[in-house]
There are 2 protein chains.
Amino acid sequence: MTEQIDLAKAVQMLTQAEDILLICHKNPDGDTLGSAGALLHALQAIGKRTAIFCSDPIADRYDYMQLTLYDGSWEPGFVVAVDVAGTQLFGEPAAKYLKRVDLCIDHHPSNSGYAEATLLDPEAGANAELVYQLIGQMPVEFTPVMADCLYTGVSTDTGCFKFANTTPRTHHIAAELMERGASFVKLNELLFESKSQRRLAIEQIALSHLEYHFDGRCALMYVTREEIENTGADSNDLEGITGIPRMIEGVVVGITMRQLESGSYKVSVRTAGEIDACKICAALGGGGHIRASGCEFFGNLENAKAAVLAEVKKQI
Amino acid sequence: MTEQIDLAKAVQMLTQAEDILLICHKNPDGDTLGSAGALLHALQAIGKRTAIFCSDPIADRYDYMQLTLYDGSWEPGFVVAVDVAGTQLFGEPAAKYLKRVDLCIDHHPSNSGYAEATLLDPEAGANAELVYQLIGQMPVEFTPVMADCLYTGVSTDTGCFKFANTTPRTHHIAAELMERGASFVKLNELLFESKSQRRLAIEQIALSHLEYHFDGRCALMYVTREEIENTGADSNDLEGITGIPRMIEGVVVGITMRQLESGSYKVSVRTAGEIDACKICAALGGGGHIRASGCEFFGNLENAKAAVLAEVKKQI
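This text gives an overview of the structure that appears in the document. (Residues numbered from 1 in each chain as written. Chains lettered and ligands numbered in written order. Predicted model: local features only at pLDDT ≥ 70, side-chain atom pairs only at ≥ 80, totals over all residues. Heavy atoms only, no water.)

**Description of the overall build of chain A**
1) Next: Scanning chain A from N- to C-terminus turns up 12 helices and 12 strands.
2) Next: In summary, chain A has a C-alpha radius of gyration of 22 Å against a globular reference of 20 Å for 316 residues, a match within 12%.
3) Next: The buried share of chain A, taken over its 316 residues, is 57%.
4) Next: Within chain A, counting contacts between residues at least 6 apart in sequence, those at least 24 apart form 64% of the total.
5) Next: Counting 26 positive and 42 negative side-chain charges, chain A places the centres of these two groups 4 Å from one another. (Helix = DSSP H or I, 4+ residues; strand = E, 2+ residues; numbered from the N terminus. Rg over C-alpha atoms; globule rule 2.2 N^0.38 Å. Buried < 20%, exposed > 50% of the residue type's maximum accessible area, 1.4 Å probe, protein only. Contact = heavy atoms within 4.5 Å. Lys, Arg positive; Asp, Glu negative; His and termini not counted. Charge placed at Lys NZ, Arg CZ, Asp CG, Glu CD.)

**Remarks on unusual backbone geometry**
1) Next: One non-glycine residue, A:Cys160, lies in positive phi territory at about 60°.
2) Next: Looking at where A:Cys160 falls in the secondary structure, it is placed in the loop between helix H4 (144–157) and helix H5 (168–179).

**Some words on the pairing of strand S10 (residues 265–271) of chain A**
All names here are of chain A.
1) Next: With respect to burial, S10 is a largely interior element, 6 of its 7 residues being buried.
2) Next: Note: strand S9 (residues 253–259) against S10, 7 bridges, orientation antiparallel. By the bridge assignment for S10, Gln259 is matched with Tyr265.
3) Next: Here S9 folds back onto S10 in antiparallel fashion, the turn holding 5 residues, of which Gly263 has a positive phi close to 100°.
4) Next: Bridge analysis of S10 against strand S12 (residues 292–297) gives 6 bridges, and the strand direction is antiparallel. When the bridges of S12 are listed, Ser268 appears paired with Gly294. (Pairing = 2+ DSSP bridges.)

**A word on helix H3 (residues 127–136) of chain B**
Each α-helix turn comprises 3.6 residues. Residues three or four places apart therefore point the same way.
1) Next: With 8 of 10 residues buried, H3(B) is to be regarded as a mostly interior element.
2) Next: Listed as buried for H3(B) are B:Asn127, B:Ala128, B:Glu129, B:Leu130, B:Val131, B:Tyr132, B:Leu134 and B:Ile135.

**Some words on the side chain of B:Ser264**
1) Next: Along the chain, the position of B:Ser264 falls in the loop between strand S9 (253–259) and strand S10 (265–271).
2) Next: If we ignore the near neighbours within four places in the chain, the residues touching B:Ser264 are B:Arg258, B:Gln259, B:Glu296, B:Phe297 and B:Phe298.

**A few points about the side chain of B:Gln259**
All names here are of chain B.
1) Next: Tracing the chain through its elements places Gln259 in strand S9.
2) Next: When its relative accessible area of 18% is taken as the criterion, Gln259 is described as buried.
3) Next: At 2.9 Å, the side chain of Gln259 and the backbone nitrogen of Arg225 are in polar contact.
4) Next: At 3.0 Å, the side chain of Gln259 forms a polar contact with the backbone oxygen of Gly263.
5) Next: Once residues lying within four places of it in the same chain are set aside, the contact partners of Gln259 are Val223, Thr224, Arg225, Ile228, Ser264 and Tyr265. (Polar contact = N/O pair within 3.5 Å; in protein donor to acceptor, adjacent residues only side chain to side chain.)

**Brief notes about the packing of H3(B) against helix H5 (residues 168–179) of chain B**
All names here are of chain B.
1) Next: Close contact between H3 and H5 brings their axes to 10 Å; oriented N to C, the two are set at 55°. Considering the angle they form, H3 stands oblique to H5. As for how H3 packs across H5, the hand of that crossing is left-handed. Seen from H3, the contacting residues are Glu129, Tyr132 and Gln133; seen from H5, they are Arg169, Thr170, Ile173, Glu176 and Leu177. (Axes fitted to C-alpha atoms, helices over the stretch in contact; angles between N-to-C directions. Parallel < 35°, antiparallel > 145°, perpendicular 65-115°, else oblique. Left-handed = near helix turned anticlockwise from the far one by under 90°.)

**Digging into the packing of aromatic side chains**
All names here are of chain A.
1) Next: Summed over all chains, the structure comprises 13 aromatic pairs over all chains.
2) Next: One aromatic cluster is present, built from ring pairs that chain together Phe53, Tyr70, Trp74 and Tyr97.
3) Next: Between the NZ or CZ atom of Arg180 and the centre of the ring of Phe142, over which it lies, the distance is 4.8 Å. (Phe/Tyr/Trp six-rings, centres within 6.5 Å; stacked < 30°, edge-to-face > 60°. Lys NZ or Arg CZ within 6 Å of the ring centre and 35° of its normal.)

**Overview of the pattern of salt bridges**
1) Next: All told, the structure shown has 36 salt bridges over all chains when counted by the stated rule.
2) Next: Note that A:Glu193 and B:Lys162 form a salt bridge whose closest N and O atoms lie 3.4 Å from each other. Note that A:Glu193 is positioned in the loop between helix H6 (184–192) and helix H7 (197–208) and B:Lys162 in the loop between helix H4 (144–157) and H5, a pairing that runs across two chains.
3) Next: Residue A:Glu193 is classed as partly exposed on the basis of its relative accessible area of 29%.
4) Next: Take B:Lys162: its relative accessible area is 13%, and that puts it in the buried class.
5) Next: A salt bridge links A:Glu311 to A:Lys314, with the nearest nitrogen and oxygen atoms 3.0 Å apart. Taken together, the residues A:Glu311 and A:Lys314, both in helix H12 (residues 301–315) and 3 residues apart, mark about one turn of the helix. (Salt bridge = Lys/Arg side-chain N within 4 Å of Asp/Glu carboxyl O.)

**Some details on the packing of helix H1 (residues 7–16) of chain B against H3(B)**
Any two packed helices are characterised by the angle at which their axes cross and by the distance between the axes.
Residue and element names in this part refer to chain B.
1) Next: Between H1 and H3, the shortest axis-to-axis distance is 9 Å and the interhelical angle comes to 70°. Our classification of the angle between H1 and H3 gives roughly perpendicular. As for how H1 packs across H3, the hand of that crossing is right-handed. Residue-level contacts link Leu7, Ala10, Val11 and Leu14 of H1 to Leu130, Gln133 and Leu134 of H3.

**Considerations on the environment of B:Lys314**
Residues and elements named next belong to chain B.
1) Next: Lys314 gets classed as exposed once you look at its relative accessible area, which sits at 60%.
2) Next: Counting along the chain gives 45 residues from Lys314 to Val269, while the straight-line C-alpha distance between them is 14 Å.
3) Next: A polar contact is formed between the side chain of Lys314 and the side chain of Glu311, at a distance of 3.0 Å.

**A short note on the sheet that holds S12(A)**
All names here are of chain A.
1) Next: Strands sit in the order S7-S8-S9-S10-S12-S11 across an open sheet of 6 strands; the sheet is mixed. Edge positions in the sheet fall to strand S7 (211–213) and strand S11 (287–288), since each of these pairs with one other strand and no more.
2) Next: Here H12 sits on the sheet and contacts S7, strand S8 (218–223), S9, S10 and S12; the angle it forms with S9, its principal contact strand, is near 155°.

**As for the relation of the copies chain A and chain B**
1) Next: Overlay of chain A on chain B (RMSD 0.0 Å): rotation 180°, translation along the axis 0.0 Å. In short, the pair behaves as if placed about a two-fold rotation axis.
2) Next: When the interface residues of chain A are mapped onto chain B, 100% of them are again interface residues, pointing to one common binding face. (Least-squares fit on C-alpha atoms with pLDDT ≥ 70 in both.)

Below you can see the structure in the form of structure tokens.
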């Protein structure tokens, strides 16, 4: 059983620790990296040897965070997991630290309590909000690079202040990060106004297959395996396009179908209003949330489409 | 010469006035409508007869603002222009009030001072920030519909807190509007995550013509008149796509060419980093800003492309 601790206790633990390893979750996003990055700079400022460990590579776009990555040249004396809700999110290379996490700093209500001590704030829209408050209690000068790291976490995890997890505190902290030097214009361009060539190529193909059903209340698009391979689109690129059909005015059910290597189709359903995406997908052996669900359909494109649309018809 | 007044004076003028007409700028956006809408509800709450006048139609998407539009059944006793920087923005039907604007409430540094009295805050990212402070000094209870109106103004005019005009105050006010009942999730979906069928159709066609030049540092796409007409895309839809080429990773010059009814091409140039879009367009008889400029090219597509790319080559 983990000990739930408060900010003051976390500060005390960190200031007493030496040789601190900061672990980010696998498939790292702006919040785990920004939270760990700001903490890294704060700990370095009070003279600690510290570095970041992540099981997956970190995208070049985050270079501005000036992260020190763990190179194995020293033995960690204190292990901190940052924005990691459960042990399954460590990934293989980080798994060796699983049994000895001294402190976990997280905002997921589902946090499984795997660490010795846990600083948890489930009210924080982004974990970076919690880390901002933590650093505020440390004897360090707040620097622009810390502000850049934390602004990245706050803005990416809240979908640029659009998602339901955004709170008034999120905005107040964003304001304070701007005052502390976050280069928010540059960051927002990089984080929200940037797409890969591959992503646009697959988007164009998917849109060329866009079709409307049920008086324009349902929009469906698909990409075949061959098209995916021709564009070189990866899973990130493909995940990115699943929100498009639901964005169309009047559409309450948006469907994206992408063919897997096996030939079957992965179906993503996004809904608005009262429509339950999970019901549609559950009927086809899948599941998920009320607004976003998925399922896999074995069979050719026309059969898959017909099956999905038949379920949509029952809900629409 | 207009009299520059402060918040207290503006409140005094409004509370003493009767039969108040609120004028929005032509081609109304979320900020002029949200600012005027919140003011309308505040004035109604203190018992004033008031309504909104705009030279152009107001899109259905703003229905939640519950705007009372001026129906001509009473004679305005006091005329207020809201978020209108200059008289050229009144539009034809509103022009009859030009000579008798009692008060202008605006945030544009370029405000021409056409009103009797002007409440101007050029530091406000959105005019709605100023109106929020104004209503805060009025003896009214702040309602959720006022919060929705002002949140719309604040978020749309700052590109959802991404543009350079966003300030710490913008975020603090957004936080307070959330606390006062702004339904920010619904509003953000409506305002930022919504595209028309026509817009997506023309986007798909433009992307099918996407080409890269200068090692991927320049991306260019175009749409012909026939394509525009086949999709039914209007000027809003077309304006919306001009940002796409510049969003591509590695692209520093993004070009969109759309054919006009005359057959000539309207060229939109968007740049990043050090590249001056205005220099590129000025060489072709156009102009604009450093990051966003435009020009018109008389000639066929291939000639127009070659001419624009030749200018890009000089700057890239």
